[in-house]
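# Structural overview for review
So the chains spell out like this:
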Amino acid sequence: MSGASKLFHRVGGKISESIGGGGVQELLTTPAPAQAVTGSMVGRGRNRHAGTIDIAMVVPDPDQPRKEFTEEALNRLAESLKKRGQMQNVRVRWSAELQKWVLISGERRYRAALRAGLKTLNCEFIERELSEVEKLEDMLVENCLREDLNAVELAESYEKLIRLRGCTAKELAASLDVSPSAVTKALGLLKLPEDLRAAVAIGELPRITAYEISRLEGEDSQREMAERVKQEGLTNTQIAEAVQETRGRRNHAASKTGRRLACSLASGSSVTVAGKEELTLDAFIGALGEVLKVAKKAKADGRTLEDLPGMLKSKDKTKESRKAVTENAA
């Protein structure tokens, strides 16, 4: 018999007499009564996913959609952090590759904390690995809710999500709970040249105006319209009318020179084909055949009509790329 057993055998009976019932054995097997929760602890719970961490263990995400951070806003937030401390957690995910916590949301707070000289950050920790789509969606939703992205950053994020997901603009809109037209108009901004995009990003060119301008073909036409808007101070309605008028003139000019042909069908629909050079019957048939082929593929893939222009454009870029490779090889 072990020493502990001998001790229990020798004193157990006396303890039983003192406390009654099952004695020591009952004490050892009966759980302690739950402590009553009162006052400020009522309704509260612990969150093991939140805590404080050394700020040196946190790094920004290079794929963060938001690229612009104003100095004035960062300085104001840094002063607030010095006086009041960090009032809202940042969200971070663990990177096994970097052996660091990577920011999902809260980069502005992180940057301001560095300026304020804070040694630690209050964080919400996401410990599992996130896919590229999940990471971008989390950052995009966070930034959209806080309205932290400018129009171009938002458009670029939409485009990247569509590419990563392999979805349509309409499907993306549904998943993000935004209107399809909002996504379509945002993506339209990416048709603008870099200088006009930059003007949109800094607020010099209003988003609605920029979208109307993006409906024009060719960077020169877009720049001309942007300059006209600036010089004449056109309203949104006037801009839309001016864009429509410009597009109409170009289509009419193309038709007169034989580079555009519009055909009305018995069903009431119409088909228009325009080319860079004078159209021939063979070119007309070839264009219709190419559209039909891509349209059939779109249907087989479960795509929608609004995806067709993008698929045709993508096909055109692929052809140009192959042509360049062939020429280089020669």
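Residues numbered from 1 in each chain as written. Predicted model: local features only at pLDDT ≥ 70, side-chain atom pairs only at ≥ 80, totals over all residues. Heavy atoms only, no water.

Our focus in this paragraph is the overall build of the protein chain. A tally of helices and strands in the protein chain yields 14 helices and seven strands. Out of the 330 residues in the protein chain, the part that is buried amounts to 31%. Restricting the contact set of the protein chain to residue pairs at least 6 apart, pairs at least 24 apart contribute 60%. Summed over all atoms, the accessible surface of the protein chain reaches about 22,000 Å², with 52% contributed by carbon and sulfur. (Helix = DSSP H or I, 4+ residues; strand = E, 2+ residues; numbered from the N terminus. Buried < 20%, exposed > 50% of the residue type's maximum accessible area, 1.4 Å probe, protein only. Contact = heavy atoms within 4.5 Å. Areas by Shrake-Rupley, 256 points an atom, 1.4 Å probe, with all protein chains shown as cover.)

Within this structure, the stated rule accounts for two cavities of 30 Å³ or more. Size it by volume and the second largest cavity reaches roughly 40 Å³. Among the elements that take part in the lining of the second largest cavity, helix H5 (residues 132–146) stands out by supplying four residues, more than any other. For the lining of the second largest cavity, the class distribution of residues is two nonpolar, no polar and five charged. (1 Å grid on protein atoms, 1.4 Å probe; cavity = no way out; pocket = protein on both sides within 12 Å on 5 of 7 lines; lining within 4 Å. Points joined across faces, edges and corners; volume = space filled by probe spheres on them. Nonpolar A, V, L, I, M, F, W, Y, C, P; charged D, E, K, R; others polar.)

Before going further, it helps to spend a moment on the packing of helix H7 (residues 169–176) against helix H8 (residues 180–188). At a minimum axis separation of 8 Å, H7 and H8 run at an interaxial angle of 120 degrees. For the element pair H7 / H8, the angle class is oblique. The chirality of how H7 crosses H8 is right-handed. Across the interface between the two elements, Ala169, Leu172 and Ala173 from H7 touch Pro180, Val183 and Leu187 from H8. (Axes fitted to C-alpha atoms, helices over the stretch in contact; angles between N-to-C directions. Parallel < 35°, antiparallel > 145°, perpendicular 65-115°, else oblique. Left-handed = near helix turned anticlockwise from the far one by under 90°.)

A sheet is described by the order of its strands in space; here five strands give the open sequence S1-S5-S3-S4-S2, paired in mixed fashion. Of all the strands in the sheet, just strand S1 (50–54) and strand S2 (58–59) have a single pairing partner and so form its edges. One ladder, built from four bridges, connects strand S3 (residues 90–95) with strand S5 (residues 120–126); its direction is parallel. Each bridged residue has a counterpart across the sheet, and for Val92 the counterpart in S5 is Phe125. (Pairing = 2+ DSSP bridges.)

Attention now moves to the pattern of salt bridges. Per the stated rule, a full pass over the model turns up 13 salt bridges. Across the pair Asp220 and Arg223 runs a salt bridge, and its minimum N-O distance is 4.0 Å. Here the residue Asp220 and the residue Arg223 both occupy positions in helix H11 (residues 219–232), the gap between them amounting to three residues, near one helical turn. Each member of the salt-bridge network shares a partner with another, and the members are Asp195, Glu219, Asp220 and Arg223. (Salt bridge = Lys/Arg side-chain N within 4 Å of Asp/Glu carboxyl O.)

Right, let's get into H8. Within H8, the full set of buried residues consists of Val183, Ala186 and Gly188. Looking at the buried side of H8, the elements it contacts are helix H6 (151–165), H7 and helix H10 (207–214).

If pLDDT is low for a region, its predicted coordinates should not be looked at in detail. Scored by pLDDT, the protein chain comes out at a mean of 75, with 70% of its residues at no less than 70. Across the protein chain, the element-wise mean pLDDT spans from 48 in helix H1 (residues 3–19) up to 92 in S2. Across residues 11–19 the pLDDT falls below 50, and counting only partners more than four positions away or on other chains, this stretch makes eight contacts in the model. When the criterion is pLDDT under 50, residues 320–330 qualifies, and its contacts beyond four places in sequence or with other chains add up to zero contacts. (pLDDT = per-residue confidence, 0-100.)

This brings us to unusual backbone geometry. If you check the backbone angles, Gln99 has positive phi at about 55 degrees while not being a glycine. Here Gln99 is to be found in the loop between S3 and strand S4 (100–105).

Next up on the list: H10. An α-helix turns once per 3.6 residues; consequently, residues spaced three or four apart project the same way. Counting buried positions over the eight residues of H10 gives six, a clear majority of the element. The set of residues buried in H10 consists of Thr209, Ala210, Tyr211, Glu212, Ile213 and Ser214.

By the definition in use, this model includes two aromatic pairs. Ring-pair connections join several aromatic residues into one group, and the members of that group are Trp94, Trp101 and Phe125. (Phe/Tyr/Trp six-rings, centres within 6.5 Å; stacked < 30°, edge-to-face > 60°.)

Right, let's get into the nonpolar core. Counting 19 residues, the largest nonpolar core has Leu189, Leu192, Val200, Leu205, Ile213 and Met225 as the members making the most contacts within it. Of all the secondary structure elements, the ones that give two or more residues to this core are H6, helix H9 (194–201), H10, H11 and helix H12 (236–256). If we ignore the near neighbours within four places in the chain, the residues touching Met225 are Ile213, Leu216, Ala242, Val243 and Thr246. Counting 17 residues, the second largest nonpolar core, distinct from the first, contains Val90, Val92, Trp101 and Tyr110. (Core = buried A, V, L, I, M, F, W, Y, C linked by side-chain atoms within 4.5 Å.)

With that settled, the discussion passes to the environment of Val291. Among the secondary structure elements, Val291 is positioned in helix H13 (residues 281–300). For Val291, a relative accessible area of 36% corresponds to the partly exposed category. Each C-alpha atom, one on Val291 and one on Leu308, is 8.5 Å from the other, the two residues being 17 residues apart in sequence. Contact partners of Val291, with chain neighbours within four places excluded, come to Leu308 and Leu312.

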